[in-house]
Amino acid sequence: MTKRELERILKKAGWQIISGANHDMAVKHGTSTKIPIPRHKGDIPVGTANNILKDAGLK
């Protein structure tokens, strides 16, 4: 899964993507929850993508 695909899934679920220095952050409006999203070319490793979705409550 690419970074763009992951961000698209998070945005549809109501998360906002904020650019950071080394990582982008997914932030849920109204909460203090922040999930780092790695910023690099190519696919995000499957385990990392699954953990991000799990932290977001989507898996």
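Remember, predicted model here, so these are calculated numbers, not experimental data.

As a further point, take the overall build of the protein. Check the secondary structure of the protein and you find 2 helices and 3 strands. Listing the helices and strands of the protein from first to last along the sequence gives α-β-β-β-α. Here the C-alpha radius of gyration of the protein, 10 Å, is about what a compact globule of 59 residues would show, namely 10 Å. Dimensions of the protein along its principal axes, counting C-alpha atoms only, are 30 × 25 × 15 Å. Looking at the protein as a whole, 29% of its 59 residues are labelled buried. Expressed as a percentage of contacts within the protein between residues at least 6 apart in sequence, the contacts between residues at least 24 apart total 31%. By element, 51% of the accessible surface of the protein is carried by carbon and sulfur atoms, the whole surface being about 4100 Å². Averaging the positions of the 11 positive and the 5 negative side-chain charges in the protein gives two centres separated by 4 Å.

A few words now on the nonpolar core. One finds Leu 6, Leu 10, Trp 15, Ile 17, Ala 26, Ile 35, Ile 37, Ile 44, Ala 49, Ile 52, Leu 53 and Ala 56 forming the largest nonpolar core, which totals 12 residues. Broken down by element, the residue count for this core peaks at 3 residues, all from helix H2 (residues 46-55). If we skip the residues at most four places from it in the chain, Ile 35 touches Trp 15, Asp 24, Met 25, Ala 26, Ile 52, Asp 55 and Ala 56.

Calculation notes
- Per chain, residues are indexed from 1 in the order of the written sequence.
- In view of the model being predicted, local features appear only for residues whose pLDDT reaches at least 70, and side-chain atom pairs are presented and counted only at 80 or more, with totals across whole chains, interfaces and linings using the full set of residues.
- Side-chain descriptors were evaluated using all non-hydrogen atoms of the structure, hydrogens and water having been removed beforehand.
- In this text, helices come from DSSP runs of H or I with a minimum length of four residues, and strands from runs of E with a minimum of two, each type numbered from the N-terminal end.
- Using C-alpha atoms as the atom set, the radius of gyration is obtained and then compared with a globule rule of 2.2 Å times the number of residues to the power 0.38.
- Residue burial is assigned from relative accessible area. The probe radius is 1.4 Å, only protein chains are included, and a residue is buried under 20% of its type maximum, exposed over 50%, and partly exposed in between.
- We call two residues contacting when some pair of their heavy atoms lies within 4.5 Å.
- Surface accessibility follows the Shrake-Rupley procedure with a 1.4 Å probe radius. Residue values consider only the protein chains on display as shielding.
- Neither His nor the chain termini are counted; the positive set is Lys and Arg, and the negative set is Asp and Glu.
- Positions of charges follow a simple convention, taking NZ of Lys, CZ of Arg, CG of Asp or CD of Glu.
- Only buried Ala, Val, Leu, Ile, Met, Phe, Trp, Tyr and Cys residues count toward a nonpolar core, and they belong to the same one when joined by side-chain atoms within 4.5 Å.

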